[in-house]
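The primary structure of each chain is shown beneath.
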Amino acid sequence: MRTFFEPEQQEEFEAAQELMVRRFAVWAEQQGLPADPWVAEAAWDYRHAATPDGRLTLWSPVHVREFLLEWIPRRLTVQPGEELPDGPGTLATLLRYFDETGLRDPRGGALEANRAALESAAGQFRAAMADRELWGMAKFWATTAAEQGVDITDPHAMQRFSERAQRGQVPYDEALVERIMQRQFGSVPFVGRALPQLPVVLPPREELRDQARQSAVVRQLRVFTQWVGPAGRKLTTTGRLQMADARELVGLLGTGDTVDPVHAGVTHRTRSSADLPEVHRLFEWAKKARLVRTVKGRLLPVAKAAPLLADPLMLWHRAFEAVAELGEVLLGAHGGWAPAPSMLYDVYEETLPDVLNTLYSLPEPMPWPRLRDSVHLAYRSAYDLDSTDPRRQTVWLRHADTDLRKVLAVLEQLGTLERTQGMASELFLADLNDQAPGQSDSNAGPGPFGLGAALHAVPTAGAGSPLPQLPADIPPGLAHILPAAGHGPEALVPEEAASQEQARALRAELTAGPVELIALTDLGTWAVRERLLSAGRDAPLVGELIQATAAELLGVLGEHYPIEAARQEAEAWTNARGGWLKAFDSLLDAVRQTPFRIRAQDMLTVLCEILPQTEKHGLLHSLRDDPALGPAALSALVHQDLLDEEDLTEAEQLLLMTEALLSAMEISGQQAAVDFLQSLGRQEAQAALSAVLNSGHPDHTGLDELRTLADQLQGRRLPRQTAQPGNQRPAPAGRRGKSSPKGNRKRRRS
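Definitions and limits used
Residues numbered from 1 in each chain as written. Predicted model: local features only at pLDDT ≥ 70, side-chain atom pairs only at ≥ 80, totals over all residues. Heavy atoms only, no water. Pairing = 2+ DSSP bridges. Helix = DSSP H or I, 4+ residues; strand = E, 2+ residues; numbered from the N terminus. Contact = heavy atoms within 4.5 Å. Axes fitted to C-alpha atoms, helices over the stretch in contact; angles between N-to-C directions. Phe/Tyr/Trp six-rings, centres within 6.5 Å; stacked < 30°, edge-to-face > 60°. Buried < 20%, exposed > 50% of the residue type's maximum accessible area, 1.4 Å probe, protein only. Core = buried A, V, L, I, M, F, W, Y, C linked by side-chain atoms within 4.5 Å. Parallel < 35°, antiparallel > 145°, perpendicular 65-115°, else oblique. Left-handed = near helix turned anticlockwise from the far one by under 90°. Nonpolar A, V, L, I, M, F, W, Y, C, P; charged D, E, K, R; others polar.

### Considerations on the sheet that holds strand β8 (residues 515-520)
Move 1: With antiparallel pairing, three strands are arranged side by side in an open sheet as β6-β8-β7. This sheet does not close on itself; its edge strands, each paired only once, are β6 (366-367) and β7 (417-422).
Move 2: Bridge analysis of β7 against β8 gives six bridges, and the strand direction is antiparallel. What sits directly across from T420, in β8, is L517.
Move 3: Relative to β7, helix α18 (residues 390-414) is tilted by about 115°, and along the sheet it contacts β7 and β8.

### With respect to the packing of aromatic side chains
Move 1: A complete count under the given rule lists 16 aromatic pairs for this structure.
Move 2: Between F5 and F13 the ring centres are 6.2 Å apart and the planes differ by 75°, which places this aromatic pair in the edge-to-face class. Like F5, the residue F13 is buried in the burial classification.
Move 3: Judged by centre distance (6.4 Å) and plane angle (45°), the rings of W316 and W526 are tilted. Note that W316 is positioned in helix α14 (residues 312-322) and W526 in helix α22 (residues 522-534), a separation of 210 residues in sequence.

### Comments concerning unusual backbone geometry
Move 1: For R290, which is not a glycine, the phi torsion comes out positive at approximately 60°.
Move 2: Inspection of the secondary structure assignment puts R290 in the loop between α12 (277-288) and β4 (292-295).
Move 3: Of note in the backbone geometry, K296 takes a positive phi value of approximately 50° without being a glycine.

### Here we look at the nonpolar core
Move 1: Ranked by internal contacts, the top residues of the largest apolar core, which has 79 residues, are F224, W285, W316 and Y379.
Move 2: The contact partners of W285, leaving out residues within four places of it in the chain, are V217, L221, A319, A322, V323, L326, V410 and L414.
Move 3: Within the second largest apolar cluster, 42 residues are counted, among which are W580, V606, A633 and L648.

### Some thoughts on the packing of helix α30 (residues 670-678) against helix α32 (residues 700-710)
If you want to describe how two helices pack, look at the angle between their axes and the distance between the axes.
Move 1: Look at α30 against α32: their axes get within 11 Å of each other, and the N-to-C directions meet at 50°. Relative to α32, the element α30 is oriented oblique. The chirality of how α30 crosses α32 is right-handed. Along its contact with α30, which presents Q670, A673 and V674, the element α32 presents E705, L706 and L709.
Move 2: Taken together, the residues of the contact of α30 with α32 sort by class into four nonpolar, one polar and one charged.

Here it is as structure tokens:
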């Protein structure tokens, strides 16, 4: 069983969800612990569909509270007279189940922190479930129907209720419905799956602090705040620095601003501190970083900021976060006699984090032309450029490029990134043979940076791949909010011939000679990672799994880490335990004890890959006779063409067939086994089942589930499975098929 699925892998997700809920319910009953299957199912729905990272077994206190006090109250319908589900108790049992079966992702909250969040939320759970203001629309109408005596499990009864409601024959609280709609489609943002990030390596915190201490901006902000002093400084009536103070700061801060410049022998007196761009920017930067504030015409230090001045790393981080608020200072404002700002001005707050996220975890520095063209896609998605004269487009894009370079220069000055000259890596040329710049598969998500998606290990369309088309039977209400050719940046790519020409031109630009190369520094990588984590994104860090159990380590490495990063992580983990010789047995035992076939195969594969100076094939061959690991080892040997099936003994062939059947059940659900058996005749199916059940395979739980299917062989053929009536509580309302209410409106630049 795997614990992460892309949004489009819905069938695979549901098969894993069904398996987890079934196994969890059995385990909880054996332990005598509370376990409501609907709550367990809803927990995976929540982590899969409503959180950016989608890591099903990674839970933190934030997830605990949001699930219990927002997700379940909004979606889980409890009929009148029905007992309230034990949400807190079931989630506590589920987290314990993840921990005891090795499924827990150790990058989530500590067990103690999650337990404290559970206890806190438990006291508020009943009130949250009863609070109709928290309900979703689907739950509101289902509950309203049930309260008026409608059998909500009867589709025909619900259809009649819906028709009566449309005719105005159903009494309901119209004001409440309006509030629910406003919250559901207005204030509550649509959460989409964030792009995965590669693991990064960071130096120790003290080394980061030393790097921050070297930042020119950190020094200037500290000196500026000390210069303001406890008594503060008087400002002009327009809220700017006094000119005498600004002149003093030019020398004190070493900004390099020119005071009273001389042109053609004529001295032009500087009359405003705003005419000294570096001093003015640091003045605004210090305010945005909440180091100083204005009170009644005076500039005063912020008392609570005093600890930051003593910690260069925290001061650097505060300055980094404040860059997002410097758009007007860096790019200019609307109005007055100043030239109109570039397109970057209006999308600055959205584009800056996207640029940083695109640079994050790249194995090679990004060439300026590729970053530039990716940002151009953002402009095209925000402005109606396609209806604009091409020459005007060129002027606007160049203006925006100039502004983007200003922002990059400030980030370089801070120490967030570095810019060098060199040849572009082949990494940035591979997709330019037949493909348009920035074009990527729709899996890359809705953001403008298709290139970043491709470079962060998201599958991309191959050369010449056709763009996805909207289905012919798409509902009319959805068609207008989706791009004409798909969901991602590929919908913005022009005609194929023009796209090919753009790709050739970009390739020529990248190969003609040295170009500007842009990469995040260690400080920049650390800061972007902190931001990703605060947004609920997955941002692996080599070394963060050092406290994980062996099962947790191999599980995370197998699902989320590329091989080189996995080797680094495994080396740190084993070194902390005395080296490979001492740690190897615990790793092998973790594979041996995992209760899921697919997970055991993945864990064994990654274990073979990370072993130092060891022939992985030799390890696999040595495990052929292992009672617990033999089936997984045989599967790996055959799938890697290291062993032919005719080389297997009859017993091994039977084990391999059983492993395949049990794996298919985990991947595709029990129906996969039913379909396979249905494809055989009755006698053949009975013979196959008898052989598998007596194969000696170590997965006793999986065999018991197969045995249950075997009991259905009562007649000429195996009947297809049907849904079994269970808890009458409906499935979480709105679980599937909901589209984003977010529109596709564009701003037109005139």
